[in-house]
Amino acid sequence: ADMHVDDSNLAPQVVGVSAMLQIVCAAGIEEWRTNNGNVTMETMFANQDRAPGALGFDPMGMMKGKSEAEINDLKLKEIKNGRLAMLAIGGMI
């Protein structure tokens, strides 16, 4: 099947509802996992210690033995990389 479209705004229609639902469900499952099952507006922000986007910077434990300055430098580089990626996708759209 030919799935090419000249207008990127039509891409979700070409892909179909099932693919879009998979994306929404995957995002919902990840939000549920990282927020300990609190996904309603009443319970989502009940934990005052939870910071938005703080999902753990080092899930693989590669920061062991690094100084606080090195860790902060890597976090800054990660933020800049994310911002550059957002600009790049904005340019593509």
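Here, every reference points to the structure presented above.
Residue positions are counted from 1 within each chain, in the order its sequence is given. This being a predicted model, a pLDDT of at least 70 is required before a residue's local features are given, and a value of 80 or more before pairs of side-chain atoms are given or counted; all residues contribute to the totals for chains, interfaces and linings. Only hydrogens and water are set aside when side-chain values are computed; all heavy atoms of the structure are taken into account.

(A) Spatial organisation of the overall build of the protein. To qualify as a helix, a DSSP run of H or I must reach at least 4 residues; to qualify as a strand, a run of E must reach at least 2; elements of each kind are numbered from the N terminus. Within the protein one finds three helices and zero strands. If you list the helices and strands of the protein from N to C, you get α-α-α. For 93 residues, the compact-globule formula gives about 12 Å, and the C-alpha radius of gyration of the protein, at 19 Å, lies well above that figure. Reported as C-alpha extents along the three principal axes, the dimensions of the protein are approximately 50 × 35 × 20 Å. Across the 93 residues of the protein, 5% fall into the buried class. Accessible surface, the protein as shown: approximately 8,200 Å² in total, 62% of it carbon and sulfur. With the radius of gyration taken over C-alpha atoms, the globule rule is written as 2.2 Å times the number of residues to the power 0.38. Categorising residues by exposure relies on relative accessible area from a 1.4 Å probe, with only protein chains included: less than 20% of the type maximum marks a residue as buried, more than 50% marks it as exposed, and the intermediate range marks it as partly exposed. In this description, accessible areas are obtained by the Shrake-Rupley approach with a 1.4 Å probe, and a residue is regarded as covered only by the protein chains that are shown.

(B) Molecular detail of the pattern of salt bridges. Salt bridges are identified by distance alone: a Lys or Arg side-chain nitrogen within 4 Å of an Asp or Glu carboxyl oxygen. The full count for this structure, using the stated rule, is two salt bridges. Arg33 is the salt-bridge partner of Glu30, the closest N and O atoms lying 2.6 Å from each other. Residue Glu30 and its partner Arg33 are located together in helix H2 (residues 17-34), separated by three residues, close to a single helical turn. Given a relative accessible area of 36%, Glu30 falls into the partly exposed group. A relative accessible area of 52% places Arg33 in the exposed class. One salt bridge connects Lys77 with Asp73, and the closest N-O pair in it is separated by 3.3 Å. Here Lys77 and its partner Asp73 are both found in helix H3 (residues 68-92), four residues apart, which amounts to about one turn of the helix. What makes Asp73 partly exposed here is its relative accessible area of 36%.

(C) Looking closely at H2. End to end, H2 covers 26 Å across 18 residues, agreeing with the expected 26 Å (1.5 Å per residue, within 8%). Phi turns positive one or two residues past the end of H2, at Asn36, with a value near 55°. One less than the number of residues in a helix, times 1.5 Å, gives the span that helix is expected to have.

(D) Looking closely at the environment of Val39. Here Val39 lies in the loop between H2 and H3. Exposure remark for Val39: the relative accessible area of 41% places this residue in the partly exposed category. In this structure the C-alpha to C-alpha distance between Val39 and Met20, which are 19 residues apart in sequence, comes to 20 Å. Residues count as neighbours in contact if any of their non-hydrogen atoms are within 4.5 Å of one another. The residues contacting Val39, other than those within four sequence positions of it, are Trp32 and Met44.

(E) Quick peek at a nonpolar patch on the surface. Every patch collects residues that have over 30% relative accessible area and no salt bridge, joining them within 9 Å if they carry like charges and within 5 Å if they are nonpolar side chains (Val, Leu, Ile, Met, Phe, Trp, Tyr). Taken together, the side chains of Met86, Ile89, Met92 and Ile93 make up a nonpolar region of the molecular surface, amounting to roughly 500 Å² of accessible area. Relative to the assigned elements, Met86 resides in helix H3.

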